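# Commentary on secondary and tertiary structure
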Amino acid sequence: MKTVRKIIEIDEELCNGCGQCVPDCAEGSLKIIDGKARLVADKFCDGLGACLGSCPTGALQIVEREAEEFDEVAVEHYLETEKKKAAAPAMDCGCASSHIQTLKPMSACQQANVPASHQATGAEAASMLGHWPIQIRLVPPQAPFLQNADLLVAADCTAVAARNFQEKYLQGKAVLMGCPKFDDADSYVRRFAEIIATCRLKSLTVLIMEVPCCSAMNAIVKKARDLAGVDLPIDQITISVRGEELVRKRW
């Protein structure tokens, strides 16, 4: 049944797809679709505007228009369905991304046997990656390499922008990578909340780009920590598109 009521409206011209509004919507009514924030369904939006303050461009506003009535039961069902999707393990379809692997680093002996010419040029240097997969949506919270880990949550583009990504940021850490603009922020919140609540992380570092949409990763991880109820300090690093470190802070 439709009625005239308060509901969120999104100005697509102003929306930059940063996704910062998504974690602030407890009902899950907002998602980033095709690079823009969109309402999943009118009946999921309560019209209270909890998401307004997080929008850096002012693309969100409360309007009164004809819409389906807010359906709290439908919201609960929707959130439960989304939670199950996020928790579902990757399918064993033969793709390497569906197989959890802990990778052994080179031993001191193996490193010593790398020819000096290769060491000088970096040729055939072993990767510092300690596990597979690395994409946030492919790694279950129960993955063994997450237990008692120093965890790096890195926006996808950082590995390309930072020339010394592995040596400076990855070494000795488990890593989860994703794009806060194009991926499902709400499922990320739930996944990180479970990781923080159950994995007894030693440390958590968030590495993002300077572009506005990337800052949504901070909001995702902060909300996950609040949801988990764990007092875990988070180190946040921002780098430029040229790979220069711009900001380093703890929250």
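Anyway, here's the lowdown on the structure attached to this text. The model shown is predicted, which means the values in this text are computed figures rather than measured ones. (Residues numbered from 1 in each chain as written. Predicted model: local features only at pLDDT ≥ 70, side-chain atom pairs only at ≥ 80, totals over all residues. Heavy atoms only, no water.)

On to the overall build of the protein. Summing up its helical and strand segments, the protein has seven helices and 11 strands in all. Residues classed as buried in the protein amount to 43% of the 251 residues present. Long-range contacts, defined here as pairs at least 24 residues apart, represent 72% of the contacts in the protein between residues at least 6 apart. Accessible surface, the protein: about 13500 Å² in total, of which carbon and sulfur atoms supply 52%. (Helix = DSSP H or I, 4+ residues; strand = E, 2+ residues; numbered from the N terminus. Buried < 20%, exposed > 50% of the residue type's maximum accessible area, 1.4 Å probe, protein only. Contact = heavy atoms within 4.5 Å. Areas by Shrake-Rupley, 256 points an atom, 1.4 Å probe, with all protein chains shown as cover.)

Further remarks concern the environment of E12. Relative to the assigned elements, E12 resides in the loop between strand 1 (2–10) and strand 2 (30–33). Looking at E12, the relative accessible area reads 40%, which means it is partly exposed. Residues E12 and R38, spaced 26 residues apart in sequence, show a C-alpha to C-alpha distance of 8.8 Å. When sequence neighbours within four positions are dropped, the list of residues in contact with E12 reads K36 and R38.

Looking now at the environment of W132. Its place among the elements puts W132 in strand 6 (residues 131–132). The class of W132 is partly exposed, set by a relative accessible area of 30%. Measuring from C-alpha to C-alpha, the distance between W132 and H99 comes to 7.5 Å, with 33 residues separating the pair along the chain.

It is worth spelling out the sheet that holds strand 11 (residues 245–250) at this point. Strand order across the open sheet formed by five strands is 8-7-9-10-11, with mixed pairing between neighbours. If you trace the sheet from one side to the other, it starts and ends with strand 8 (174–178) and strand 11, each paired once. Neighbour-to-neighbour, the strand axes of the sheet open up by a mean angle of 15°, direction not taken into account. Bridge count for strand 7 (residues 150–155) against strand 8 is five bridges, and the pairing is parallel. Residue V153 lies in a different strand from strand 8, and its bridge partner there is L176. Taken strand by strand, helix 6 (residues 185–198) contacts strand 7, strand 8 and strand 9 (203–209), and its axis lies near 170° from that of strand 8. Where helix 7 (residues 216–228) meets the sheet, it contacts strand 7, strand 8, strand 9 and strand 10 (234–239), and its direction lies at approximately 155° from that of strand 9. (Pairing = 2+ DSSP bridges. Axes fitted to C-alpha atoms, helices over the stretch in contact; angles between N-to-C directions.)

On the surface, E68, E69, D71, E72 and E76 cluster together into a negatively charged patch. Locating E76 in the fold gives a position in helix 1 (residues 72–87). You can call E76 exposed: its relative accessible area is 51%. (Patch = residues over 30% accessible without salt bridge, like charges linked within 9 Å, V, L, I, M, F, W, Y side chains within 5 Å. Salt bridge = Lys/Arg side-chain N within 4 Å of Asp/Glu carboxyl O. Lys, Arg positive; Asp, Glu negative; His and termini not counted. Charge placed at Lys NZ, Arg CZ, Asp CG, Glu CD.)

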